[in-house]
Amino acid sequence: MSIGLTGIGAGAGETPVAVPPIRKIGVIGAGLMGNGISHVAAIAGLDVVMMDVKPEALTRAMETIARNLDRQIKSGQITADAKAAALARIKTAGDFSGFGDRDLVIEATSEKEELKRAVYASLTPHLRPDCLIASNTSSISITRLGASTDRPEKFIGLHFMNPVPVMKLVEIIRGIATDEPTFRAICALAEKLGKTIAVAEDFPAFIVNRILVPMINEAVYALYEGVASVAAIDTALRLGANHRMGPLELADFIGLDTCLAIMQVLYEGLADSKYRPCPLLVKYVEAGWLGRKTGRGFYDYTQTPPRPTR
Ligand code: NAD
């Protein structure tokens with residue numbers, strides 16, 4: 001099924017907006033989020049080129065996608081044929097030379113503004129003028145990122161949650177210059193991927209991370225100040241607030257570098273000291289203890305079950 005040129009969402013009396021169809025996408029970054037985005041797009045029938053500068057990230061991403069598709073077969077969500085078809089729709093690349101026929105590029109590189117800007121500068125000369133660009137950024141201004149490209153009106157925030165194949169929500173964020181057809185096309189795509197949309201204004205960290213990451217940072221402060229141990233903090237929030245995961249376990253799952261980057265964007269973007277990153281979080285990131293993805297964060301993942309480090 002294609003999205004086609006429709007007037008999605010046009011109410012009575014409104015002029016329908018021509019919504020560009022999205023059939024072929026590029027995904028930049030094959031990390032935690034990039035592999036999940038490629039997975040859900042391929043299952044929905046889109047043609048995907050997944051690009052990363054690290055060949056080993058691409059290999060790992062394809063293995064992760066295959067494993068996660070197997071999980072979906074086991075739980076009866078998809079058939080073995082659907083898995084094979086989805087894998088066949090994903091190609092990997094080490095550069096942008098195959099991006100010339102893409103309708104949309106979703107950028108999911110690390111949460112660093114200078115890196116994202118540099119990626120757009122080398123990406124855009126390869127794209128069709130009408131190709132849309134979406135960033136999966138967790139916190140950085142969509143207006144500012146869009147302004148750094150040659151197409152701010154076709155630039156938008158499309159913020160998936162981790163793990164992408166499981167989590168239902170996407171946040172959609174318009175920059176000040178984002179045009180209506182781009183917004184409608186991205187809403188239609190999100191629905192095609194089976195996601196529920198929450199539209200957010202372009203403020204630092206949008207909705208989910210504006211609320212969630214300061215809570216994680218507060219949990220790290222509680223640990224830093226000796227209020228309680230890692231296990232006690234996580235048990236308290238799991239059983240006392242009925243959260244599925246404790247905040248420190250969740251921080252390891254998200255990646256401590258990503259959590260720190262979001263706190264820095266909140267701190268600088270809102271100029272309020274209540275968002276100052278906890279020094280212990282900074283220290284863990286400086287040590288390279290980034291959580292599950294590096295085998296150690298607030299828990300040591302070389303042990304089964306993972307052992308709290310404090
Ligand atoms: P990650 O560290 O797992 O993956 C980032 C990938 O980008 C790596 O594979 C890296 O090799 C690649 N990369 C770095 N420089 C590149 C370049 N110049 N060109 C191409 N690829 C490059 O990070 P992640 O957790 O997948 O996060 C990616 C984005 O998604 C960030 O903006 C993050 O804030 C956002 N995000 C993360 C989460 C989460 O829970 N981790 C949730 C929602 C959104």
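We now turn to the structure provided with this report. All of these numbers come straight from a predicted model, not from anything done at the bench.

Quick notes on the rules
- Each chain has its residues counted from 1, following the order in which its sequence is written.
- The model is predicted, so local features are restricted to residues of pLDDT at least 70 and side-chain atom pairs to those at 80 or more, both for listing and for counting; the totals for chains, interfaces and linings are taken over all residues.
- To obtain the side-chain values, all non-hydrogen atoms of the structure were used and water was disregarded.
- Helix and strand definitions follow DSSP, with helices as H or I runs of at least four residues and strands as E runs of at least two, each counted in order from the N terminus.
- What the globule rule says is 2.2 Å times the number of residues to the power 0.38, and the radius of gyration is computed from C-alpha atoms.
- Exposure classes here rest on a 1.4 Å probe applied to the protein chains alone. A residue is buried below 20% of its type maximum, exposed above 50%, and partly exposed in between.
- A contact between two residues is defined here by any heavy atoms of the two lying within 4.5 Å.
- The method behind every accessible area is Shrake-Rupley, applied with a 1.4 Å probe, and residues are considered shielded solely by the protein chains displayed.
- Nearness of a residue to a molecule or strand requires only that one of the residue's heavy atoms be within 4 Å of it.
- Identification of polar contacts relies on pairs of N or O atoms within 3.5 Å, with a donor-acceptor requirement for protein atoms, meaning one able to donate a hydrogen and the other able to accept it, and with residues adjacent in sequence counted only if both atoms are side-chain atoms.
- Side-chain atoms within 4.5 Å link the members of a nonpolar core, which is a set of buried Ala, Val, Leu, Ile, Met, Phe, Trp, Tyr and Cys residues.
- Here, axes are lines fitted to C-alpha atoms. For helices the fit covers the stretch in contact, and angles between N-to-C directions go from 0 to 180 degrees.
- Angle categories are assigned with fixed cut-offs, so that under 35 degrees is roughly parallel, over 145 is roughly antiparallel, 65 to 115 is roughly perpendicular, and the rest are oblique.
- In this scheme, a crossing is called left-handed if the near helix is turned counterclockwise away from the far one by less than a right angle; it is called right-handed if the turn is clockwise.
- Residue type decides the class: Asp, Glu, Lys and Arg count as charged, Ala, Val, Leu, Ile, Met, Phe, Trp, Tyr, Cys and Pro as nonpolar, and the leftover types, Gly among them, as polar.
- Centre distance within 6.5 Å is the pairing criterion for rings of Phe, Tyr and Trp, where only the six-membered ring of Trp is used; planes under 30 degrees apart are then read as stacked, over 60 as edge-to-face, and the remainder as tilted.
- The rule is short: NZ of Lys or CZ of Arg within 6 Å of the ring centre and within 35 degrees of the ring normal puts a charge over the ring.
- By definition, two strands form a pair when at least two bridges between them are found by DSSP.
- By definition, the crossover connecting two strands over a helix is right-handed if that path, from the first strand to the second, turns clockwise as seen with the strands pointing away from the viewer.
- Think of a 1 Å grid over just the protein atoms. A cavity is a set of points where a 1.4 Å probe fits yet cannot get out, a pocket is an open set with protein on both sides within 12 Å along at least five of seven lines, and lining residues have an atom within 4 Å of a point.
- Grid points are joined across faces, edges and corners, and a volume is the space filled by probe spheres set on the points.

### Things to note about the overall build of the protein chain
Part 1 of the reasoning: Across its full length, the protein chain carries 11 helices and 10 strands.
Part 2 of the reasoning: Computed over the C-alpha atoms, the radius of gyration of the protein chain is 20 Å, within 12% of the 19 Å expected from 2.2 N^0.38 for a compact globule of 310 residues.
Part 3 of the reasoning: Its C-alpha atoms give the protein chain principal-axis dimensions of about 60 × 45 × 40 Å.
Part 4 of the reasoning: A buried classification covers 49% of the 310 residues belonging to the protein chain.
Part 5 of the reasoning: If you take every contact in the protein chain between residues at least 6 apart in sequence, the share linking residues at least 24 apart comes to 65%.
Part 6 of the reasoning: As displayed, the protein chain has an accessible area near 14,400 Å², and 56% of this comes from carbon and sulfur atoms.

### What to know about the site of the ligand
Part 1 of the reasoning: Around the ligand, the surrounding shell holds 27 residues, and the nearest of these are M33, D52, E111, K116 and S138.
Part 2 of the reasoning: A distance of 2.6 Å separates an oxygen atom of the ligand from a polar atom in the side chain of S138.
Part 3 of the reasoning: Against a free-state accessible area of 840 Å², the protein chains account for coverage of 88% of the ligand.
Part 4 of the reasoning: Listing elements by their share of the shell around the ligand, those giving two or more residues are α1 (32-43), α4 (113-123) and β6 (155-160).
Part 5 of the reasoning: In terms of residue count, α4 provides more of the shell around the ligand than any other element does, 3 residues in total.

### Here we look at the nonpolar core
The nonpolar side chains of soluble globular proteins are, as a tendency, buried together.
Part 1 of the reasoning: Formed by 38 residues in total, the largest nonpolar core has its most connected members in I25, L104, L158, F160 and I172.
Part 2 of the reasoning: Here the element with the most residues in this core is helix α6 (residues 180-192); it accounts for 6 residues.
Part 3 of the reasoning: The residues touching I25, leaving out its near neighbours within four places in the chain, are A41, L46, D47, V48, V49, R102, L104 and I106.
Part 4 of the reasoning: Membership of the second largest hydrophobic core comes to 30 residues, among which are Y221, A251, I262 and F298.

### Looking at the environment of T137
Part 1 of the reasoning: Within the fold, T137 resides in the loop between β5 (132-135) and α5 (142-147).
Part 2 of the reasoning: Judged by relative accessible area, T137 falls into the buried class, the value being 1%.
Part 3 of the reasoning: Placed 162 residues apart in sequence, T137 and Y299 show a C-alpha to C-alpha distance of 26 Å.
Part 4 of the reasoning: With residues near it in sequence (within four places) discarded, T137 still touches E111, K116, I142, L145, H159 and F206.
Part 5 of the reasoning: Within polar-contact distance, the side chain of T137 engages the backbone nitrogen of I140 at 3.0 Å.

### So, the packing of α1 against helix α2 (residues 55-74)
How two helices pack is summed up by the angle between their axes together with the distance between the axes.
Part 1 of the reasoning: Taken N-terminus to C-terminus, the directions of α1 and α2 make an angle of 50 degrees; their axes are 9 Å apart at the nearest point. With respect to α2, the axis of α1 lies oblique. Once α1 is placed against α2, the crossing between them reads as right-handed. Contacts from N35, S38, H39 and I43 in α1 reach A61, T64, I65, N68, L69 and Q72 in α2.
Part 2 of the reasoning: Considered class by class, the residues forming the contact of α1 with α2 number 4 nonpolar, 6 polar and no charged.

### Quick notes on the packing of aromatic side chains
Centre distance and the angle of the planes are the two values used to describe a pair of aromatic rings.
Part 1 of the reasoning: Taken as a whole, this structure holds 6 aromatic pairs when the rule is applied.
Part 2 of the reasoning: A ring pair is formed by F96 and F99, whose centres lie 5.2 Å apart and whose planes are at 70 degrees; its orientation type is edge-to-face.
Part 3 of the reasoning: For F96, a relative accessible area of 8% puts it in the buried group.
Part 4 of the reasoning: By relative accessible area, which is 0% here, F99 ends up buried.
Part 5 of the reasoning: Taken together through their ring pairs, the aromatic side chains of Y284, W289 and F298 make up a single cluster.
Part 6 of the reasoning: The ring of F183 is capped by R174, whose NZ or CZ atom sits 3.7 Å from the centre of that ring.
Part 7 of the reasoning: Directly above the aromatic system of W289 lies the positively charged group of R296, at a separation of 3.9 Å from the ring centroid.

### Overview of the packing of helix α7 (residues 208-224) against helix α11 (residues 279-286)
Part 1 of the reasoning: Interhelical geometry of α7 versus α11 gives an angle of 95 degrees and a closest axis separation of 8 Å. What the angle tells us is that α7 and α11 run roughly perpendicular. On the side of α7, the interface is formed by N217, V220, Y221, L223 and Y224, while α11 contributes P279, L280 and L281.
Part 2 of the reasoning: Looking at side-chain class alone, the contact of α7 with α11 contains 7 nonpolar, 1 polar and no charged residues.

### Comments concerning the pairing of strand β8 (residues 196-200)
For a regular strand, the rule is simple: side chains alternate between the two faces of the sheet.
Part 1 of the reasoning: In this structure, strand β7 (residues 169-174) lies alongside β8, joined through 5 bridges in parallel fashion. Counterpart to L169 in the pairing with β8 is T196.
Part 2 of the reasoning: The parallel pair β7 and β8, bridged by α6, forms a crossover whose chirality is right-handed.

### So, the layout of surface pockets
Part 1 of the reasoning: In this structure, the second largest pocket spans a volume of roughly 210 Å³.
Part 2 of the reasoning: In this structure, the second largest pocket is lined by 13 residues; those nearest its centre are V40, Q72, Q77, P165 and L193.
Part 3 of the reasoning: Looking at side-chain class alone, the lining of the second largest pocket contains 7 nonpolar, 4 polar and 2 charged residues.

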